[in-house]
Amino acid sequence: MQDDTISSGLLTIDINNVGNSVEEDGVFLTWKDLWVTVPVGRRGRRSILQGVTGYARPGEMLAIMGPSGCGKSTLLDALAGRLDSNTRQAGEIMVNSQKQGLAYGTSAYVTQDDALITTLTVREAVYYSAQLQLPDTMSKLEKKERAEMTIKEMGLQDAMDTRIGGWGAKGLSGGQKRRVSICIEMLTRPKLLFLDEPTSGLDSAASYYVMSRIVSLGQRDGVRRTIISSIHQPSSEVFHLFHNLCLLSSGKTVYFGPASGANEFFALNGFPCPTLNNPSDHFLKTINKDFDKDLEQGLDAAMPTEEAINTLVRAYNSSEIYQQVKKDVSKLCKQDYGELEKKKSHAGFFTQCFVLTRRSFTNMYRDLGYYWLRLAIYIAMGTGLGTVFWNLGSSYRSIQDRGSLIAFVTSFLTFMAIGGFPSFAEDMKVFERERLNGHYGVTAFAVGNTLSSMPYLVIIALIPGAIAYYPPGLQRGFDHFLYFACVLYACMVLVESIMMVVASMVPNFLMGIITGAGIQGLMILGGGFFRLPNDLPAPFWKYPLYYIGFHKYAYQGLFKNEFEGLSFPDSQTGQHIVDGDEILRNIWQVEMGYSKWVDLAILLAMVVLYRVLFLVIVKSSEKLKPVISALLSGPPKTTLPVTENPMDTPSTLEASLA
């Protein structure tokens, strides 16, 4: 092999001529002596990747293989810049021979889980994403054509108008959903594509079809794409699609090189693949030590799995293959490719808000469990309230009944708004995927979610609110009912806003409901009805919970709305008339220094506060992640002082990272 060329067995590249043709040749990605550790216990750390070296080139697909827990996803996340903040990374990762980040539009990441909006059709899902990702300089027609072209490229033209489907409705197959996820990420025509377990959960036929489509993306539309995919156990047909193979075991490199040369490497080191066997099955069985079985070596010898892995790792590190990989990485790092293409522009902020509002509104309309089922339950509850408190009258005894009705509406009718958390949790999964891939920002998502939910919450506040308001005979006058509905609306939006904050901190959906319900329960107890304000214990319940919980302002606003202007006969004599202001001061202990409209304004201000808090939490997690990672990593390092023998224990590495 000549010094100025790199050969993979399938493709030969003249590296002296790539520097001036980055636009055509795509992105070269190299990594050298890459180590990744995670904390174990209070002070210890465990190595996930141990001195991994390799490269990925345009027009080729690199498959990262290995048994579960070997570090496939960690390597993929490290190369894509997605490692968690509690990990430490050392070594060099170079993009086009430079230490630089991957700009939006240059790379795309397809996650293992297909986080998609299940109520949308394939055409809608991809087109909405095109409107979000592609710049405003493109017309709607151009974006639509790009979306439909991408769908056809992935072979989904026959399923364009089929809903994606989820647990409640049948829709696309697993392979089709995976291709929809790829379609969404391919809209910006990225030159570097990461895929995490793209065949997970698919049968062999679907896996082959999906992977063949992915490999075909390597050279299409005049663009040579660099494709890196982690894959667990491919079929023999899928395995033969790979250009290069990175085989890992316990974070160590067992083999890196042309996929076609892996069989020969294993055979030369005493582990030949049996005739008619799937090569990938043989490789994974050989290096999987989870079950600690002995492997047959030759005809009459046996070797423990751990020893087999050590033998292969030592053989690779002393082989010409590894020496050539290091030379290739060094050559690629020394070339001058010029600067990576500048960051591509998204759609404008207002375009994103409009598209997200429309998409979310469509999802809420089609998802029966989002608002329609809740509306039916609210109507049933409103009917129950209307019949239980039917015609309260104006006796002194009705004072307590009116207060109980208002308290139930404020406490438990709004409490049921947490029922929408499961649907919102699914939206959050889609949001997290799209946010990490740079499709849009947190503010646009919050604005879109707020605007799209308004019509449904207004309907819930008006219809069940009217059913619960008029039959009991609460204070007449449309203005009083309108205020009642406004407070009910504000409380439901507040509960949804609180659940948004909970969802940003508690990713698990069951734990999120429990946490949200607990917060609501505490606020109800300290709201000033079940225990009057003057009787609340001062620590915690009165200060600060009574003042920071929204139930106080909802109770007092509705009490003022109901009792101001009314009068009731005295319970003992029946002759003395008790007016509403006296009832508010002495019975309900309402603060009368301001009007009911101030209470409503405080509720609406709390809505804004919780939505802003959601933005702050999500944005802070984004900004703190690289800061925390840098603090954990300590002073900048290029490589770690490690020994050449990969079998040495990682204690010296961990000591150097401490």
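Residues numbered from 1 in each chain as written. Predicted model: local features only at pLDDT ≥ 70, side-chain atom pairs only at ≥ 80, totals over all residues. Heavy atoms only, no water.

Chemist: Explanation requested: a nonpolar patch on the surface in the structure shown.
Modeler: Residues Val458, Ile459, Leu462 and Ile463 make up a contiguous nonpolar surface patch of about 270 Å² in total accessible area. Considering the arrangement of structural elements, one finds leucine 462 in helix H16 (residues 442-469). Given the relative accessible area of 36%, leucine 462 is considered partly exposed. (Patch = residues over 30% accessible without salt bridge, like charges linked within 9 Å, V, L, I, M, F, W, Y side chains within 5 Å. Areas by Shrake-Rupley, 256 points an atom, 1.4 Å probe, with all protein chains shown as cover. Salt bridge = Lys/Arg side-chain N within 4 Å of Asp/Glu carboxyl O. Helix = DSSP H or I, 4+ residues; strand = E, 2+ residues; numbered from the N terminus. Buried < 20%, exposed > 50% of the residue type's maximum accessible area, 1.4 Å probe, protein only.)

Chemist: Would you mind showing me how to read the sheet that holds strand E6 (residues 88-95) here?
Modeler: On the basis of which strands lie adjacent, the open sheet formed by three strands has the order E4-E3-E6 and antiparallel pairing. The open sheet has two free edges, formed respectively by strand E4 (44-56) and E6, since each of these has just one partner strand. Across this sheet, the average inter-strand angle for adjacent strands is 15 degrees, counted without regard to direction. As paired strands, strand E3 (residues 29-40) and E6 are joined by seven bridges and run antiparallel to one another. In the strand pairing of E6, tryptophan 35 is matched with alanine 90. In the packing of helix H11 (residues 320-334) onto the sheet, contacts are made with E3, E4 and E6, and the angle to E4 comes to roughly 75 degrees. (Pairing = 2+ DSSP bridges. Axes fitted to C-alpha atoms, helices over the stretch in contact; angles between N-to-C directions. Contact = heavy atoms within 4.5 Å.)

Chemist: Honestly, the packing of helix H12 (residues 349-366) against helix H13 (residues 368-388) in this entry has me stumped. Any pointers?
Modeler: In a pair of packed helices, the angle between the axes and the distance between the axes together describe the arrangement. Two elements in contact, H12 and H13, have axes separated by 6 Å at closest approach and are oriented at 55 degrees. What the angle tells us is that H12 and H13 run oblique. Contact with H12, carried on its side by Asn363, Met364, Tyr365 and Arg366, involves Leu368, Tyr370, Tyr371 and Trp372 of H13 and no other residues of that element. Classifying every residue of the contact of H12 with H13 by side-chain character gives six nonpolar, one polar and one charged. (Parallel < 35°, antiparallel > 145°, perpendicular 65-115°, else oblique. Nonpolar A, V, L, I, M, F, W, Y, C, P; charged D, E, K, R; others polar.)

Chemist: Hey, could you run me through the side chain of glutamine 352 in this one?
Modeler: Within the secondary structure, glutamine 352 sits in helix H12. For glutamine 352, a relative accessible area of 6% gives the class buried. With sequence-adjacent residues up to four places away left out, glutamine 352 is seen in contact with Leu132, His346, Ala347, His439, Tyr440, Gly441 and Ala444.

Chemist: Explanation requested: the pairing of E4 in the structure shown.
Modeler: The element E4 is largely enclosed, with a buried count of ten among its 13 residues. As defined by bridge partners, E3 adjoins E4 across nine bridges and the pair is classed as antiparallel. Pairing of valine 40 across the sheet is with glycine 44, part of E4. Hairpin connection, E3 to E4: the antiparallel pair is bridged by three residues, and glycine 41 has positive phi, about 70 degrees.

Chemist: Teacher, can you tell me more about the packing of aromatic side chains here?
Modeler: Given two aromatic rings, one states the distance between the centres and the angle between the planes to describe the pair. What the rule picks out here adds up to 40 aromatic pairs. Relative to phenylalanine 563, the ring of phenylalanine 559 lies with its centre 6.2 Å away and its plane at 55 degrees, an arrangement referred to as tilted. With phenylalanine 559 and phenylalanine 563 both in helix H20 (residues 550-563), this residue pair falls four residues apart, about one helical turn. Classification of phenylalanine 559 as buried rests on a relative accessible area of 2%. Between arginine 82 and the ring centre of tyrosine 109, over which it is positioned, the NZ or CZ distance is 4.0 Å. (Phe/Tyr/Trp six-rings, centres within 6.5 Å; stacked < 30°, edge-to-face > 60°. Lys NZ or Arg CZ within 6 Å of the ring centre and 35° of its normal.)

Chemist: I would appreciate a short explanation of the sheet that holds strand E12 (residues 244-249) in the present structure.
Modeler: Sheets are built from strands that pair by backbone hydrogen bonding, the pairs being arranged parallel or antiparallel. Spatial strand order, E7-E8-E11-E5-E12-E13: six strands in an open sheet with mixed pairing. Since the sheet does not close on itself, it has two edges, and those belong to strand E7 (107-110) and strand E13 (252-258), each with one partner. When the angles between neighbouring strand axes are averaged without regard to direction, this sheet yields 15 degrees. Pairing geometry for strand E5 (residues 61-65) and strand E11 (residues 226-230), over four bridges, is parallel. The residue of E11 that forms the bridge with leucine 62 is isoleucine 228. In the packing of helix H2 (residues 72-80) onto the sheet, contacts are made with E5, E7, strand E8 (192-196), E11 and E12, and the angle to E8 comes to roughly 155 degrees. Running at roughly 160 degrees to E7, helix H5 (residues 174-186) makes contact with E7 and E8 of the sheet.

Chemist: Sorry, what's going on with the pattern of salt bridges here?
Modeler: Pairing between side chains of opposite charge can happen when their charged atoms approach one another. Summed over all chains, the structure comprises 18 salt bridges. Here glutamate 124 makes a salt bridge to arginine 366, at a shortest N to O gap of 2.7 Å. Taken as a pair, glutamate 124 in helix H3 (residues 122-133) and arginine 366 in helix H12 lie far apart in primary sequence, 242 residues in all. Residue arginine 366 is classed as partly exposed on the basis of its relative accessible area, which comes to 23%. For arginine 433, the salt bridge goes to glutamate 185, with nearest N and O atoms at 3.3 Å. Placement of arginine 433 in helix H15 (residues 421-436) and of glutamate 185 in helix H5 is noted, with a sequence separation of 248 residues between them. Each of the two residues, arginine 433 as well as glutamate 185, counts as buried.

Chemist: What am I meant to see in the nonpolar core here?
Modeler: Across soluble globular proteins, nonpolar side chains show a tendency to be buried alongside one another. Core analysis: the biggest nonpolar cluster contains 175 residues, and Leu29, Trp31, Leu75, Ile228, Phe242 and Phe614 have the highest contact counts within it. Counting residues per element, this core draws most heavily on helix H17 (residues 478-505), which supplies 19 residues. (Core = buried A, V, L, I, M, F, W, Y, C linked by side-chain atoms within 4.5 Å.)

Chemist: When you look at H17 in this model, what are you seeing that I'm missing?
Modeler: Every α-helix winds through 3.6 residues per turn, so residues three or four apart in the chain are directed the same way. Taking 1.5 Å per residue as the helical rise, H17 with its 28 residues ought to reach 40 Å, and the 41 Å between its terminal C-alpha atoms agrees with that figure. Burial within H17 is extensive, with 22 of its 28 residues counted as buried. (Expected span 1.5 Å × (residues − 1).)

Chemist: Help me understand the confidence of the model for the protein chain, please; the structure alone is not making it clear to me.
Modeler: Low-confidence regions, as indicated by low pLDDT, have predicted coordinates that should not be scrutinised in detail. Across the protein chain, pLDDT averages 84, with 86% of residues at or above 70. Note on residues 1-24: pLDDT is under 50 here. Beyond four places in sequence and across chains, it has 56 contacts. Across residues 626-658, where pLDDT falls below 50, the model places 42 contacts with residues more than four positions away in sequence or in other chains. (pLDDT = per-residue confidence, 0-100.)

Chemist: Even after reading the chapter, I still don't get unusual backbone geometry, so can you show me in this structure?
Modeler: The phi angle of most residues is negative, glycine excepted, and most peptide bonds adopt the trans form. In this chain, tyrosine 543 is followed by proline 544 through a cis amide linkage whose omega measures 15 degrees. Along the polypeptide, proline 544 turns up in strand E17 (residues 543-544). Even without a glycine there, the phi angle at serine 97 is positive, about 65 degrees. Inspection of the secondary structure assignment puts serine 97 in the loop between E6 and E7. Looking at serine 97, the relative accessible area reads 14%, which means it is buried. Even without a glycine there, the phi angle at glutamate 197 is positive, about 50 degrees.

Chemist: Would you mind showing me how to read the environment of leucine 545 here?
Modeler: Topologically, leucine 545 is positioned in helix H19 (residues 545-548). With 20 residues separating them in the primary sequence, leucine 545 and leucine 525 have C-alpha atoms 9.3 Å apart. Leave out the neighbours within four places in its chain, and leucine 545 touches Leu522, Gly526 and Phe540.

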